[in-house]
Amino acid sequence: MKLRSVVLVALGVGAGYAISRKMHEDDPAVVRGPQRSTSPSGLRIVSDQAQRIADQASVRSVEVIRRARGAIRTRLGEPSTYDEAAWN
């Protein structure tokens, strides 16, 4: 009984695969022109926006680091003539 069920399931899967392949075949009587692909300009716009957001995040994070370092120096009582060139 179990072997018969396995065989029936296998036949069903095989028949489904054959029908699917037949339905997805190209019809030679239908003429189609070139298919449009996704617009690369849309992808470029998204990529440019993502890069701009990443750049803004980098600038803001550096500003936050500078403020934190300044607050630490103030608390430690160090002079404010620290070399900031390394952070520019």
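Look a little higher up for the structure.
Residues numbered from 1 in each chain as written. Predicted model: local features only at pLDDT ≥ 70, side-chain atom pairs only at ≥ 80, totals over all residues. Heavy atoms only, no water.

Participant: Provide a residue-level description of the overall build of the protein chain, including the pertinent values.
Facilitator: Along the backbone of the protein chain there are 2 helices and 0 strands. Here the protein chain holds 88 residues, and 2% of them are scored as buried. Element-wise, carbon and sulfur atoms account for 61% of the exposed surface of the protein chain, whose accessible area totals about 8,500 Å². (Helix = DSSP H or I, 4+ residues; strand = E, 2+ residues; numbered from the N terminus. Buried < 20%, exposed > 50% of the residue type's maximum accessible area, 1.4 Å probe, protein only. Areas by Shrake-Rupley, 256 points an atom, 1.4 Å probe, with all protein chains shown as cover.)

Participant: Describe helix 1 (residues 2-23), naming the residues involved and giving the relevant values.
Facilitator: With 22 residues, helix 1 ought to run about 32 Å at 1.5 Å a step, and its terminal C-alpha atoms sit 32 Å apart, in line with that. For helix 1, a buried count of 0 out of 22 residues is recorded, marking the element as mostly open to its surroundings. (Expected span 1.5 Å × (residues − 1).)

Participant: Could you give an account of a nonpolar patch on the surface, with specific residues and numbers?
Facilitator: Taken together, Leu3, Val7, Leu8 and Leu11 make up a surface patch of nonpolar side chains, about 430 Å² in accessible area. Relative to the helices and strands, Leu11 resides in helix 1. (Patch = residues over 30% accessible without salt bridge, like charges linked within 9 Å, V, L, I, M, F, W, Y side chains within 5 Å. Salt bridge = Lys/Arg side-chain N within 4 Å of Asp/Glu carboxyl O.)

These values are about where atoms sit, not about what they do.
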